[in-house]
Amino acid sequence: MDKVLFFSITAAFNPTLLAATTVMLLLPSPRRLLLGYLGGAFLTSVTLGLLIVFSLDGSSSVSTTKDTLSPGADFTLGGILLLLAAVLATRRDEGFRERRRQKKEAKPKKEPRWRKFLSKGRARDTFVVGALLTLPGGSYIAGLDQVAKQDLSTVETVLTVIGFNLIMLALLELPLIGFTFAPDWTPRAVDRFRAWVSRHARGFALYGSAGIGVALVIRGFVQVLT
């Protein structure tokens, strides 16, 4: 279950969710908007999560394919992550980022549709946006794969998926709780958190990629040797 917890935490660091939360905090009645978004996001993520878990758990062909391809997949993904870590360590990505920034500045900035939708300031609109934007990502699917391997009962599987989603949506739930009990302090805290993440983003990406990449390569070798 440690891997399930790990992937639920990594899935929580969702840039779109953080941006949407920040927008809603700056609008009138943020508590109602956050609650609407949470309802839509939770409905989509739990429904899709249960479908994915029970599909993985009940498919012997999926299990066989994973066992067959696992070492090769570990080597490939681990190599990609180690290459990414090397690029970040040598800062060779900065040239690409600078060119990308210049291209963005040359073009007129267009506001995303989902942000316009949120700006309407209605809870039912945020419910729809939350339902549409909360689609399974890599960490979510990897976590569900680990849940399917636990050989849990139906009730335990449902509760685990719900718990996974509660952790994954923490960026939305914590401001909602904060706005309920500390409405003046919460927006400032979110801004400080965003600034902190921005300052340490390279370090997170570098050490995270290197650590996971090494672990995957080692696991690939272990599976080949055994």
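Residues numbered from 1 in each chain as written. Predicted model: local features only at pLDDT ≥ 70, side-chain atom pairs only at ≥ 80, totals over all residues. Heavy atoms only, no water.

Concerning the overall build of the protein
What counts, and what does not: Here a helix means four or more residues in a row that DSSP labels H or I, a strand means two or more in a row labelled E, and each is numbered from the N terminus. In this description, contact between two residues means that some pair of their heavy atoms is separated by no more than 4.5 Å.
Secondary structure assignment for the protein yields 11 helices and zero strands. Secondary structure elements in the protein, listed N-terminal to C-terminal, are α-α-α-α-α-α-α-α-α-α-α. A sequence separation of at least 24 residues applies to 83% of the contacts in the protein between residues at least 6 apart.

Comments concerning the packing of aromatic side chains
Applicable threshold: Each pair of aromatic rings taken from Phe, Tyr and Trp, with Trp reduced to its six-membered ring, is defined by centres within 6.5 Å and is described as stacked if the planes are under 30 degrees apart, edge-to-face if over 60, and tilted in the remaining cases. Note on classification: 1.4 Å probe, protein chains only; a residue is buried when its accessible area is under 20% of the maximum for its type, exposed when over 50%, partly exposed between these limits.
In the structure shown here, the tally under the stated rule is three aromatic pairs. For the ring pair Phe6 and Phe7, a centre distance of 5.3 Å and an interplane angle of 65° mean the geometry is edge-to-face. Overall, Phe6 belongs to the partly exposed group, its relative accessible area being 38%. A centroid spacing of 5.0 Å and a plane angle of 70° characterise the contact between Phe75 and Phe221, whose relative ring orientation is edge-to-face. Linking Phe75 in helix α4 (residues 60-89) with Phe221 in helix α11 (residues 186-225), this pair joins segments that are 146 residues apart in sequence. On the accessibility criterion, Phe75 (29% relative accessible area) is partly exposed.

Some thoughts on the environment of Thr126
As for its position among the elements, Thr126 is in helix α7 (residues 123-133). A residue is classified by how much of its surface remains accessible, and Thr126, at 0% relative accessible area, is buried. For the pair formed by Thr126 and Ala41, sequence separation is 85 residues and the distance between their alpha carbons is 9.4 Å.

Let's talk about unusual backbone geometry
Notably, Asp151 is not glycine yet its phi reads approximately 55°, a positive angle. The exposure class of Asp151 is exposed, given its relative accessible area of 69%.

Examining the nonpolar core
The test is simple: To form a nonpolar core, buried Ala, Val, Leu, Ile, Met, Phe, Trp, Tyr and Cys residues must be joined to one another through side-chain atoms within 4.5 Å.
Counting residues in hydrophobic clusters, the biggest one holds 33 residues, and the most contacted among them are Met24, Tyr37, Phe164 and Leu172. Going through the elements one at a time, α1 (2-12), α2 (15-25), α3 (30-57), α8 (138-148), α9 (154-168) and α10 (170-181) are the ones with two or more residues in this core. Take this core: its biggest share by element is nine residues, from α3. When near neighbours in sequence (up to four residues on either side) are disregarded, Phe164 contacts Val4, Phe7, Ser8, Ala11, Ser139, Tyr140 and Gly143.

Considerations on α2
Burial analysis of α2 places nine of its 11 residues in the buried class, the great majority of the element. Those residues of α2 that sit buried are Leu17, Leu18, Ala19, Ala20, Thr21, Thr22, Val23, Met24 and Leu25.

With respect to the pattern of salt bridges
The condition that has to hold: Should a side-chain nitrogen of Lys or Arg be within 4 Å of a carboxyl oxygen of Asp or Glu, the pair is scored as a salt bridge.
Across all of its chains, the model carries one salt bridge by this definition. The residue Lys149 makes a salt bridge to Asp145 at a minimum N-O spacing of 3.4 Å.

Quick word on α9
The condition that has to hold: Each residue after the first adds 1.5 Å to the expected span of a helix. Relevant arc is that of directions from the helix axis to the C-beta atoms, nothing else.
Taking 1.5 Å per residue as the helical rise, α9 with its 15 residues ought to reach 21 Å, and the 21 Å between its terminal C-alpha atoms agrees with that figure. Here α9 has its buried residues at Thr157, Thr160, Val161, Phe164, Asn165 and Met168. All buried residues of α9 fall inside an arc of 135° around its axis, so they share one side. Exposed residues pointing more than 90 degrees away from the buried face of α9 are listed as Val155 and Leu159.

Just distances and angles here, no functional claims.
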